[in-house]
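# Tertiary structure, described
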Amino acid sequence: MDGPLINEDRWLVPEAYSTVLMAPLAGLKVLLRFSLITPPVLQFSFIILDPLLLLSNDAFSLASGDTKVIAAVYGPKAGTRKNENPEKACIEVIWKPKTGQSGKSESEYEMVLKKTLQSICLLNVHPNTTTSIVIQVVNDDGALLPCAINAACAALVDAGTPLKHLAVAICCCMAENGQILLDPSKMEEQKVKAFVYLAFPNSMVSVLPEGGKSMEHGILTSVTHGVMAVDDYFSCLKLGRPAASELSDFIRNSLKSKAGNDPSKAA
Amino acid sequence: METKPSSTFPSTFVDQLVVPGDVILDLSSMANQTLKLGGGLRQDGDSISVMKSGTLRFTKPNKYWVESSHKRYVPSVGDNVLGVVVDTKPDNFLVDIKGPALAFLPVLAFEGGTRRNIPKFEVGTLLYVRVVNANTGMNPELSCMDANGKAGEYGVLKEGYMFESSTGLSRTLLSSPPYPTLEALGKKLSFEIAVGINGRFWVNASQSSTVILVGNAILKSESLSVVQQKIYLEKLLKSIQ
């Protein structure tokens, strides 16, 4: 974009934006149905927008996306909200649905997201501050909460909030015939008897010989809908973990390519 | 994804992208060494892990830090920043420096400052100040004097216009060898510039068109490589002749 970049103070410009698209590509849905033995394949598209690019309106260049969410981070700003511990940083999540007013389900999403993000943020670095995260749903085609968790986490990384590790979220559902599907669309979510959203810490590179492994066995958040057997839940967990580690490698490569394009970060 | 350590010191990840959660050093396997950790790193028991994503940097003998560019600034002692006065109190001015908390500028922190000649700053005054104190949990403290008590370049910046950018751009503007955009602009135009490490810079010139030109050129050049910057500036400077 040529021409002046206008920085008007009366527009509230957030510190970081991130848009995440989870795209269960229509033609490849058949491949996503694997039996419990072979690990399923997850296909998704991911875009991270950095705040400077966003001002120039040339960052949206994705061909097909289904579930789409924009996450914006504001802060840390001085002062915590009432009834929050002033010795720690406070995280505030605002969820804006695509249509209609915010209701009970939006409050539930806000609460789940807030708890997840609180567990990955280091709250002692900036005590007595509030970091606000606004999630705007642009399109909902299934697996909305994992999409929002991934977007919020990417936005926090971009904004420079101190984090313990990243949160990587996926959705698993149980179809009638006992198969486990990853990343369902909205129609599939309504048809299956149960689905679960899972958030894991990211897989990390480490100089510790064995210490890094223990982090990958952790789990941050699990939200289930519907009825499923306990064994099915554990199989979902088992299948979800390699998918999450693929997603976290993807995130790492996206951050690398974004840093590579930015000459101010070049060595 | 794990890598086996080939040598623990210096860390194998120097000059590479690191992501929050990565462990870069294992203290239990190192001899008695003191380390200096800069921004973006924290100690987690026996290991040093990453808090912010960015490039890991190392200088001998023992300094590690993570270099990244954000819109928000984390105050640290000794930085020269551009602040905007937000409020005045009897003892100090409240100044916004783009950090998590407002900073205090004591009313007497000026060269030759006494209770009798307290400067009067209106809300919105732009100041070039130095960070004196930046403890976590406390509001940072500023001063308009350098370490020897002289005013130096600190104080009010009159006229001109302030632009907001990222901390990474501020660092490259202040680096040596000088930033190519600044050099090229300086050869053709005459202007004054003050760069705050908190992601703000101020430009002043005799004509406002020069101010606009310089400000926009610097903001645009952040996303261009060195070669692209040269091309862009050649075109720009030709078009104003």
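Definitions and cut-offs
Per chain, residues are indexed from 1 in the order of the written sequence. The naming scheme follows written order: chains are lettered A onward, ligands numbered 1 onward. In keeping with the model being predicted, local features are shown solely for residues with a pLDDT of at least 70 and side-chain atom pairs are shown and tallied solely at 80 or more, while totals for entire chains, interfaces and linings include all residues. Calculation of side-chain values draws on the structure's entire complement of heavy atoms; hydrogens and water are dropped beforehand. By convention in these notes, a salt bridge is any Lys or Arg side-chain nitrogen within 4 Å of a carboxyl oxygen on Asp or Glu. A run of H or I in DSSP becomes a helix once it reaches four residues, and a run of E becomes a strand once it reaches two; helices and strands are each numbered from the N terminus. Relative accessibility decides the category of a residue: with a 1.4 Å probe and only protein chains considered, values under 20% of the type maximum give buried, values over 50% give exposed, and everything between is partly exposed. What we call a nonpolar core is a set of buried Ala, Val, Leu, Ile, Met, Phe, Trp, Tyr and Cys residues that are connected through their side-chain atoms within 4.5 Å. Throughout, a residue-residue contact means that at least one pair of heavy atoms, one from each residue, lies within 4.5 Å. Strands were regarded as paired on the criterion that DSSP finds at least two bridges between them. Here a polar contact is taken to be a pair of N or O atoms separated by no more than 3.5 Å, where protein atoms must pair a possible hydrogen donor with a possible acceptor and residues adjacent in sequence count only if both atoms sit in side chains. Cavities and pockets were defined on a 1 Å grid built from protein atoms only: a cavity is a group of points that admits a 1.4 Å probe but offers it no way out, a pocket is an open group of points flanked by protein on both sides within 12 Å along at least five of seven lines, and a lining residue is one with an atom within 4 Å of any such point. Grid points are joined across faces, edges and corners, and a volume is the space filled by probe spheres set on the points. All axes here are fitted lines through C-alpha atoms, helices being fitted over the stretch that makes contact, and every angle between N-to-C directions spans 0 to 180 degrees. Here, the arc refers to the directions that run from the helix axis to the C-beta atoms. By definition in this entry, angles of less than 35 degrees are roughly parallel, angles greater than 145 are roughly antiparallel, angles of 65 to 115 are roughly perpendicular, and the rest are oblique. We call a crossing left-handed when the near helix sits turned anticlockwise from the far one by less than a right angle, and right-handed when that turn is clockwise. Ten residues, namely Ala, Val, Leu, Ile, Met, Phe, Trp, Tyr, Cys and Pro, are considered nonpolar, four, namely Asp, Glu, Lys and Arg, are considered charged, and the remaining ones, Gly among them, are considered polar.

Glancing now at the pattern of salt bridges. Residue and element names in this part refer to chain A. What the rule picks out here adds up to 11 salt bridges over all chains. In this structure, the salt-bridge partner of Asp140 is Lys186, at a minimum N-O distance of 3.1 Å. Taken together, the positions of Asp140 in the loop between β5 (129-139) and α4 (144-159) and Lys186 in helix α5 (residues 186-191) put the pair 46 residues apart, joining distant regions of the chain. Under the relative-accessibility criterion, Asp140 is labelled partly exposed at 27%.

Counting residues in each nonpolar core, the largest one holds 63 residues, and the members touching the most others are Trp95(A), Leu117(A), Ile133(A) and Ile135(A). Element by element, the count of residues in this core is highest for α4(A), at 12 residues. For Leu117(A), the contacting residues outside a window of four places in its chain are Ile91(A), Val93(A), Ile133(A), Ala152(A) and Leu156(A). Of all hydrophobic cores here, the second largest spans 26 residues; its members include Val84(B), Val95(B), Phe110(B) and Tyr154(B).

Let us now look at the pairing of strand β9 (residues 92-96) of chain B. Residues and elements named next belong to chain B. Among the five residues of β9, four are classified as buried, and the element is accordingly described as predominantly covered. Summarising the sheet, strand β8 (residues 80-88) and β9 pair through four bridges and their orientation is antiparallel. Bridging from a neighbouring strand, Asp87 pairs with Leu94 of β9. In textbook terms, the turn of a hairpin is the stretch between consecutive antiparallel strands, and for β8 and β9 this stretch comprises three residues.

Take the side chain of Asn62(B) next. Secondary-structure assignment places Asn62(B) in the loop between β6 (54-59) and β7 (63-67). Reaching out from Asn62(B), the side chain makes a polar contact with the backbone oxygen of Thr34(B) at a distance of 2.8 Å.

Next up on the list: the layout of surface pockets. Of the voids in this model, the second largest pocket is the one considered here, and its volume is about 1200 Å³. For the second largest pocket, the lining is made up of 49 residues, of which Lys52(B), Tyr73(B), Val74(B), Pro75(B) and Ser76(B) are closest to its centre. When residues of the lining of the second largest pocket are traced back to their parent elements, those giving at least two are β3 (67-78) of chain A together with β3 (36-37), β4 (41-44), β7 and α1 (167-173) of chain B.

Let's shift gears to the sheet that holds strand β9 (residues 221-226) of chain A. Residues and elements named next belong to chain A. The antiparallel open sheet is built from four strands, whose spatial order is β7-β6-β8-β9. Two strands in the sheet have a free side with no partner beyond their single neighbour: β7 (180-182) and β9. Averaged over all neighbouring strand pairs, the angle between strand axes comes to 20°, with direction disregarded. Where strand β6 (residues 167-174) meets β7, three bridges bridge the pair, whose relative direction is antiparallel. When the bridges of β7 are listed, Cys172 appears paired with Leu182. Across the face of the sheet, helix α3 (residues 104-120) comes into contact with β6, β8 (194-201) and β9 while running at roughly 160° to β9. The strands touched by α4 are β6, β8 and β9; relative to β6, the strand with the most contacts, the crossing angle is about 170°.

This next bit is on helix α2 (residues 180-188) of chain B. All names here are of chain B. All of the buried residues in α2 are Thr181, Leu182 and Leu185. All buried residues of α2 fall inside an arc of 95° around its axis, so they share one side. Summarising the contacts, the buried residues of α2 are in contact with α1, β15 (192-196), α3 (208-221) and α4 (226-240).

In this section: the packing of α2(B) against α4(B). Residues and elements named next belong to chain B. Viewed as axis vectors pointing N to C, α2 and α4 meet at an angle of 20°, and their least axial separation amounts to 9 Å. Between α2 and α4, the angle falls in the class roughly parallel. In the crossing of α2 with α4, the sense of the turn from one axis to the other is right-handed. Contact residues: α2 offers Pro180, Thr181, Ala184, Leu185 and Lys188, while α4 offers Val226, Gln229, Leu233 and Leu237. Partitioning the contact of α2 with α4 into residue classes produces six nonpolar, two polar and one charged.

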